[in-house]
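Breakdown of the fold
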Number of protein chains: 2
Amino acid sequence: MYLLHCFSQSGNSFKVAFMLRALSQPYETVFVDFMQGVTRDDGWRERSNEMGEVPVLEDGQRRLTQSGAILTYLARKHGAFGGVTPDEQQEVLRWLLFDNHKFTSYFASYRFAKAFGASTPDPAVMAWLKGRIDNAYRVLDKHLAASSFVVGTAPTIADISLCGYLYYPVEESGYDLQLQFLLLQKS
Amino acid sequence: MYLLHCFSQSGNSFKVAFMLRALSQPYETVFVDFMQGVTRDDGWRERSNEMGEVPVLEDGQRRLTQSGAILTYLARKHGAFGGVTPDEQQEVLRWLLFDNHKFTSYFASYRFAKAFGASTPDPAVMAWLKGRIDNAYRVLDKHLAASSFVVGTAPTIADISLCGYLYYPVEESGYDLQLQFLLLQKS
């Protein structure tokens, strides 16, 4: 039985939960009180994840972190959603990295500061992040104008990764997620 | 012959050049005038990389982008620096994602704004980025206190990726790179 260490506001955790559901794999969740700073605790880091992040996925003795690495592990293990050909698998990895480098990274930070931060976020920081996010959306939007899925002709972990933060309420991010949902799921 | 589309201030390009040198693979470079905005041009994006980024590596008919994906491709193709066991390979992917998600991403943005931006960077944005970078350095520093290499007992593409921006002059980033160099290369 998989154990998923997570909390509900974490889109990176949602990516892994989404994948486990798509694979019809049962899992149990372990609540991580991120909002109270648990992941900054040295003891938690030593026990769970030195990177100080969720999700953490336990698969028996194996402890996996970084959503993109977990998704890749699950895709290989269960032989699904990883891309069919080696070229597709390479493209999937490319978009997973794009998501972590340019899309989720900025979007998650922006949403967190806007909706959950302890203090009012600095407008200059928010404007800078929004510029990055808008650029990443433009890249994705253009890419998806030509195809229904990020890679190939079926859903992969690239789609699952890129949509990880798109299902949360518009009030949290200020982005019209219904629109973005349609961009990713045109088919 | 590999063709590497790059420019000298790009640490993400340096990662790929470093890997090609480590593999003793000859390559030619194609200069991309990033500073003049070439990668924002629609035509360039269509021809070279829809993500609007360098590096781009051409291997025959194949066109690869995202440094982490390129490094993984080269490690597999040449059977070197990818980690020896499946567990090591999984760890390498985890740290590649950490680098793109939390380390290079913020560090490259910070250095670019500080050294090459068209206008004086906003102090609030710089302070925010610096907080992120310092956190990522702490994670890495602690990790490398227990081992000489990021994964296993020999250099991998995780090291190559994480050190991509550490060789530039201190004047560009404000970080004491000599110190950070030592953190990564204690052995």
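None of the values given here were measured: they were computed from a predicted structure.

Here the focus is helix α5 (residues 123-145) of chain B. With 23 residues, α5 of chain B extends 32 Å from end C-alpha to end C-alpha; this agrees with the ideal 33 Å at 1.5 Å per step. Those residues of α5 of chain B lying buried are Trp128, Leu129, Ile133, Ala136 and Leu140 of chain B.

Counting residues at the interface gives 24 residues for chain A, matched by 24 residues for chain B. Secondary structure elements with two or more residues in the side of chain A that touches chain B: α3 (67-78), α4 (86-115) and α5 (123-145) of chain A. It is α4 of chain A that provides the largest number of residues to the side of chain A that touches chain B, a total of eight residues. A class-by-class count of the residues in the side of chain A that touches chain B yields 10 nonpolar, 10 polar and four charged.

Now for the sheet that holds strand β1 (residues 2-6) of chain B. All names here are of chain B. The strand order β2-β1-β3-β4 describes an open sheet built from four strands, whose pairing is mixed. Bordering the open sheet on either side are β2 (27-31) and β4 (62-65), each of which pairs with just one other strand. With strand direction ignored, the average angle separating the axes of adjacent strands in the sheet is 25 degrees. Here four bridges tie strand β3 (residues 56-59) to β4, and the two strands are oriented antiparallel to one another. Residue pairing across strands places Leu57 opposite Leu64, the latter belonging to β4. Packing of helix α1 (residues 11-22) onto the sheet brings it into contact with β1, β2 and β3, and relative to β1 it is tilted by some 155 degrees.

Residue and element names in this part refer to chain B. In this structure, β1 lies alongside β2, joined through five bridges in parallel fashion. When the bridges of β2 are listed, Leu4 appears paired with Thr29. The parallel pair β1 and β2 is bridged by α1, and the resulting crossover is right-handed.

For the rest of this paragraph, the subject is the packing of α3 of chain A against helix α4 (residues 86-115) of chain B. When two helices pack together, you describe them by how their axes are tilted relative to each other and by the distance separating the axes. Running from amino to carboxyl end, α3 of chain A crosses α4 of chain B at an angle of 145 degrees, the nearest separation of the two axes being 8 Å. The two elements α3 of chain A and α4 of chain B meet at a crossing, and its hand is right-handed. Here Gly68, Ala69, Thr72 and Tyr73 of chain A of α3 of chain A come into contact with α4 of chain B, specifically with Gln90, Leu93, Arg94 and Leu97 of chain B. Partitioning the contact of α3 of chain A with α4 of chain B into residue classes produces four nonpolar, three polar and one charged.

About the criteria used
Residues numbered from 1 in each chain as written. Chains lettered and ligands numbered in written order. Predicted model: local features only at pLDDT ≥ 70, side-chain atom pairs only at ≥ 80, totals over all residues. Helix = DSSP H or I, 4+ residues; strand = E, 2+ residues; numbered from the N terminus. Expected span 1.5 Å × (residues − 1). Buried ≥ 20, exposed ≤ 12 C-beta atoms within 10 Å, placed from the backbone. Contact = placed C-beta atoms within 7 Å. Nonpolar A, V, L, I, M, F, W, Y, C, P; charged D, E, K, R; others polar. Pairing = 2+ DSSP bridges. Axes fitted to C-alpha atoms, helices over the stretch in contact; angles between N-to-C directions. Right-handed = clockwise from strand over helix to strand, strands pointing away. Left-handed = near helix turned anticlockwise from the far one by under 90°.

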